[in-house]
Amino acid sequence: MKVRKVPLRKCVGCQEMFPKMQLLRVVLTPEEKILLDLRGRQNGRGAYLCKNVECLRQARKKKSLERALKTAIPPVMYDDLEQMMVREAMDVGHGDT
Ligand SMILES: [Zn+2]
């Protein structure tokens, strides 16, 4: 069987490359809101993060998410993202084929 090439994206937290499917997309919408783009269809500038709160914390500490999105991210936004990720993490891991 042929191995299909998967598009790789860099996590702004750990700075490693992963298949796009394994990452979360964080989007800055044209309305300047920051969302977790779970379906991959949200318009706007995107950055990728592992499905791992640690990577979000690293991105927060290093401001790499702000750099990737070219915007200032208020602390409350990070807290929201963190909560969304924790919730998301509880949803994955079973029956996901
Ligand atoms: Zn990562």
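Structure shown above.
Because the structure is a prediction, the values reported are computed rather than measured.

Basis of the calculations
- Residues numbered from 1 in each chain as written.
- Predicted model: local features only at pLDDT ≥ 70, side-chain atom pairs only at ≥ 80, totals over all residues.
- Heavy atoms only, no water.
- Donors = N, O, S within 2.8 Å, 3.2 Å for Na, K, Ca; no water.
- Tetrahedral: all angles 85-135°; square planar, octahedral: opposite > 155°, others 65-115°.
- Helix = DSSP H or I, 4+ residues; strand = E, 2+ residues; numbered from the N terminus.
- Buried < 20%, exposed > 50% of the residue type's maximum accessible area, 1.4 Å probe, protein only.
- Salt bridge = Lys/Arg side-chain N within 4 Å of Asp/Glu carboxyl O.
- Pairing = 2+ DSSP bridges.
- Axes fitted to C-alpha atoms, helices over the stretch in contact; angles between N-to-C directions.
- Arc of directions from axis to C-beta.
- Polar contact = N/O pair within 3.5 Å; in protein donor to acceptor, adjacent residues only side chain to side chain.
- Core = buried A, V, L, I, M, F, W, Y, C linked by side-chain atoms within 4.5 Å.
- Contact = heavy atoms within 4.5 Å.

Enquirer: Got a minute to help me understand the coordination of the zinc ion in this structure?
Expert: Reference geometry at the metal: tetrahedral coordination by four donors gives ideal angles of 109.5 degrees; octahedral coordination by six donors gives 90 or 180 degrees. In the first shell of the zinc ion, the protein supplies Cys11 (SG), Cys14 (SG), Cys50 (SG) and Cys55 (SG), at 2.3 Å from the metal. Given four donor atoms and angles of 104 to 114 degrees at the metal, the environment of the zinc ion is assigned as tetrahedral. Every donor residue of the zinc ion comes from the same chain, spaced as C-x2-C-x35-C-x4-C. Of the two residues, Cys14 is situated in the loop between β1 (8-10) and β2 (17-19) and Cys50 in strand β5 (residues 45-50); the sequence distance between them amounts to 36 residues. The class of Cys14 is partly exposed, set by a relative accessible area of 23%. A relative accessible area of 9% places Cys50 in the buried class.

Enquirer: Please clarify how the pattern of salt bridges should be interpreted in this entry.
Expert: When charged atoms on two side chains of opposite charge get close, those side chains can pair. Taken as a whole and assessed by the stated rule, the structure comprises four salt bridges. When the shortest N-O distance is used, the salt bridge between Asp79 and Arg60 registers 3.1 Å. Taken together, the positions of Asp79 in helix α3 (residues 75-91) and Arg60 in helix α1 (residues 53-62) put the pair 19 residues apart, joining distant regions of the chain. Shared partners join several salt bridges into a network, and the residues in it are Glu54, Arg57 and Glu82.

Enquirer: Help me out: how do you make sense of the sheet that holds β5 in this one?
Expert: In a beta sheet, neighbouring strands pair by backbone hydrogen bonds and run either parallel or antiparallel. The strand order β4-β3-β5 describes an open sheet built from three strands, whose pairing is antiparallel. With partners counted over all chains shown, the strands left at the sheet margins are β4 (34-37) and β5, one partner each. Taking each pair of neighbouring strands and ignoring which way they run, the sheet shows an average axis angle of 30 degrees. The sheet contact formed by strand β3 (residues 23-28) and β4 spans four bridges and is antiparallel. In the sheet register, Arg25 faces β4, and the bridge partner there is Asp37.

Enquirer: I would appreciate a short explanation of α1 in the present structure.
Expert: Helical periodicity: at 3.6 residues per turn, an α-helix aligns residues three or four positions apart in one direction. Residues of α1 that are buried: Val53, Cys55, Leu56 and Ala59. The buried side chains of α1 occupy one side of the element, clustering within an arc of 160 degrees when seen end-on. Structurally, the start of α1 carries an N-cap: the backbone nitrogen of Glu54 is 2.9 Å from a side-chain oxygen of Asn52. Phi turns positive, to about 60 degrees, at Lys63, one or two residues after α1.

Enquirer: For this particular structure, what's the right way to read unusual backbone geometry?
Expert: Backbone phi values are negative for most residues with the exception of glycine, while trans is the configuration of most peptide bonds. At Gln15, a residue that is not glycine, the phi angle is positive and equals roughly 65 degrees. Of note, Gln15 is situated in the loop between β1 and β2.

Enquirer: Is there a simple way to think about the nonpolar core in this case?
Expert: Val26, Leu49, Leu65 and Leu69 are the most contacted members of the largest nonpolar core, which has 22 residues in total. Contributing elements (two or more residues each) for this core: β3, β4, β5, α1, α2 (64-69) and α3. When residues no more than four places from it in sequence are discounted, the contact partners of Leu65 are Val12, Val26, Ala47, Leu56, Ala59, Ile73, Tyr78 and Leu81.

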